[in-house]
Amino acid sequence: MQVTILGSGTSVPLADRASPSVAISIEERFILMDIGPGTMRQLAIAGLEYQDIDYIVISHFHPDDTADLIHFFFATRYPPVLEERKPFTIVAPKGFDQFLELLKKPYGRWLDLPERLMNIEELKTGQKDSREFDGFRIYSAPVDHTPQSLGFRIEDRAGKSIAYSGDTGYCEGIVDLARDVDLLILECSFPDEEAIPGHLTPSEAGDIAARAGAKKLVLTHFYPEILTTDIEAQCRKTYQGDLVLARDLMSLSVG
């Protein structure tokens, strides 16, 4: 498993932090976790080809996690790409079909793709769910952000694992997904002294990782407020394991 942090920021534009997206490579499979604005360009900078994406996994329907679907669909229509494009799958919370129809409506046919090209797998939003794909399995559970928000755990055939929170507040759903995980990617939006519902602080993220027994913790999804604080020191109040503060275009290996 190879992981590239494409966007470690949020909805707030920052010169060095794009909106949320993480690329995961498992054997020959290319998985994209969320696709916030600017993801397509980040892929190009990272040397990754958008036309090679096999799976796009959506955690929830906020613009900073989905906006580059528009760019992805439109770029896929580029004739030299469309002629060679292999089918891909979008894994998303229940309701994605309706979300996609509304997203496409202002653009008319310009986001339409051949039916053979795109498969949609909707996951339950009120309970745990899972899907088996070629080379890996994905587990989902509701997390504390919006009614549709899901966190994920991905396991490959060798048993190596990655958990990804998307946006969330402190909840048991993400603790369960992260049990003994090899790599835990958690949002970490605001400093401890500015905690708000639906998002995590460094000490909350650390507590989740410690309770779950995560082998390595990556903190990401930084709002400007948290970037002026000592994120590591706040996280170390609750977590003493391997800790990484995400940067755009950072790569990590699992296994």
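Residues numbered from 1 in each chain as written. Predicted model: local features only at pLDDT ≥ 70, side-chain atom pairs only at ≥ 80, totals over all residues. Heavy atoms only, no water.

1. Considering the pairing of strand S12 (residues 216-220)
Counting buried positions along S12 gives 4 out of 5 residues, so the element sits mostly inside the fold. Two elements, strand S11 (residues 183-187) and S12, share 4 bridges in a ladder whose sense is parallel. Residue pairing for S12: Ile 185 is matched across the bridge by Val 218. In terms of handedness, the path from S11 via helix H7 (residues 202-212) over to S12 forms a crossover that is right-handed. Looking at chain direction, S12 and strand S13 (residues 242-245) are connected through 4 bridges and run parallel. Across the sheet, Leu 219 pairs through a bridge with Leu 245, a residue of S13. (Buried < 20%, exposed > 50% of the residue type's maximum accessible area, 1.4 Å probe, protein only. Helix = DSSP H or I, 4+ residues; strand = E, 2+ residues; numbered from the N terminus. Pairing = 2+ DSSP bridges. Right-handed = clockwise from strand over helix to strand, strands pointing away.)

2. A look at the sheet that holds S12
If you walk across this open sheet you meet the 7 strands as S7-S8-S9-S10-S11-S12-S13, and the pairing is mixed. The outermost strands of the open sheet, each flanked by one partner alone, are strand S7 (129-133) and S13. With direction set aside, neighbouring strand axes in the sheet form an average angle of 15 degrees. Sheet strands touched by H7: S11 and S12. Its angle to S11, the strand with the most contacts, is close to 155 degrees. (Axes fitted to C-alpha atoms, helices over the stretch in contact; angles between N-to-C directions. Contact = heavy atoms within 4.5 Å.)

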